[in-house]
Amino acid sequence: MAPPKSAIIIGGSISGLLQALQLKRMGASVLILEQDPSHTRGTSHDSGVTIGPSVIAMLRKYDATAGTPSVIPAEFLSVALRQRPRVFSTAWRHNTSNWGCLYSVLRANVDGLVSHVVPVPPEKREGDGQAVYRPGRRVVGIKYDQAQGAVSVLHVDSGRGSGGHSKHRKATEEAEMEVERVSAEMVIAADGVHSTIRRLMGIPTHWKYAGYIAWRGTVSEDRLSPETVRYFSDRLTFSLLGGTYLITYIIPSQHGSVDPGTRRLNWVWYYPAAEGSAEMNAIFTDLNGALQPHTVPPHLLNPAVWSAHRRRYIPGQTTAAVAELVIETSQPYVTKVGESDAHPSTFFDNRLVLVGDAFSGFRSHMGLASEQAARHCFQMERVWRGEMTQAARDREAILYARRLLLLNRLVGFLGLEWWWAEIRTVLAYLWLMMICRFM
């Protein structure tokens, strides 16, 4: 199966951009349809991301931006227990970056986006295809013409329609919109955990709430004491608070700077909350009184809810460094933690493929969503080069996803002290490894 000469990528985040960059370098004509109307959505998305070996390999092979994105290497993993700052520490090398930095680097390579991270995008390489990024486009239909060997995608302006009405009214609004139709040899669905393509295809999808939420925030180093910066430097820190915990690490600035004093401290605080409980509803009710289904962004988070949560633990139950970090966070946000699994993942005679979180979404403990996305790129390349079949690719991707799903559970259950769930997950992981060994 040769690489497609034309492709449509549904979803313009990290996973979609990795696929688009690879296809562009292979000479394909690529169209990226992104529902978010902002042309520069990643430049303001200030949060941490792990840069795993597959992401590094992808960038070494295809990136032309002279060494970006900026990464911050760390050598250690440490554990704090309430107010005890170092109860465990071990060597563990890993690289972290800012989500917006990685996004900006990929956009610069794909469609020449100018940003603070990459002010001068690279020139096209010889043999490159053409790539176009269209923000504000919502997919409303997908069709396959087997005789022509082409997949058609129907899309509309995502800024039209309220999106919050009944199914009948939503269908009426879509019928009144100007629908555009575009066709290509291949469609790659990289539109996230709540994938539109999954819904349109009727793909069985199982999104499961994990039983806990994640408070998130970042703070610039220059707002913190030197002692706090030193405490978190060169390491990933787990702060266990008894049934709840934080993960903290340093990332580059939004503009990609790794100079001390300009970097940012990124933290994620995992906290149990029962689905549908009064506490959960209060947390996810925004300043406008609307109950958000999955995420409350910083500008809509009720500060009274955040203050009440913070006062339960700070001061008194954390290290001084964690307390300072959390207190100095001006605009945290909160998300529900969950996981999803969708199989099968290949349709229309292998011309429609799900990748990234649209394929399988993990709990966020290990930060490896971008790593899975990069692996999917390399797997598809092997298919196009005839080194493996699409069916073999799907099996390999499924096993990797199941492994990461269990590993993320292990980390989460350990930090939350859910011991029975931890034991069950250990046994499930060992069983999976035994299956993989004999396959």
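Undergrad: Would you mind going over the sheet that holds strand β8 (residues 150-157) in detail, with residue names and values included?
TA: Spatially, β7-β8-β9 is the arrangement adopted by the three strands of the open sheet, whose pairing is antiparallel. Only two strands of the sheet have a single partner each, and these edge strands are β7 (137-145) and β9 (180-184). Each neighbouring strand pair of the sheet contributes to a mean axis angle of 25°, computed without reference to strand direction. Relative to β8, β7 runs antiparallel, the two being bridged by eight bridges. The residue of β8 that forms the bridge with Arg-138 is Val-156.

Undergrad: Tell me about helix α12 (residues 419-437), residues and numbers included.
TA: Residues three or four positions apart in an α-helix share a direction because the helix packs 3.6 residues into each turn. Helix length check: α12 (19 residues) gives 27 Å between terminal C-alpha atoms against 27 Å at 1.5 Å per residue, within 8%. Within the span of α12, buried status applies to Ala-421, Glu-422, Thr-425, Tyr-429 and Leu-432. Buried residues of α12, seen end-on, are gathered within an arc of 95° and therefore sit on one face of the element. The outward face of α12, more than 90 degrees from its buried face, is lined by the exposed residues Trp-420, Arg-424, Leu-427, Trp-431 and Arg-437. Summarising the contacts, the buried residues of α12 are in contact with α11 (390-416).

Undergrad: Requested: an account of the environment of Ala-369, with residues and values cited.
TA: Along the chain, the position of Ala-369 falls in helix α10 (residues 369-384). Classification of Ala-369 by relative accessible area gives partly exposed; the value is 35%.

About the cut-offs
- Residues numbered from 1 in each chain as written.
- Predicted model: local features only at pLDDT ≥ 70, side-chain atom pairs only at ≥ 80, totals over all residues.
- Heavy atoms only, no water.
- Pairing = 2+ DSSP bridges.
- Helix = DSSP H or I, 4+ residues; strand = E, 2+ residues; numbered from the N terminus.
- Axes fitted to C-alpha atoms, helices over the stretch in contact; angles between N-to-C directions.
- Expected span 1.5 Å × (residues − 1).
- Buried < 20%, exposed > 50% of the residue type's maximum accessible area, 1.4 Å probe, protein only.
- Arc of directions from axis to C-beta.
- Contact = heavy atoms within 4.5 Å.

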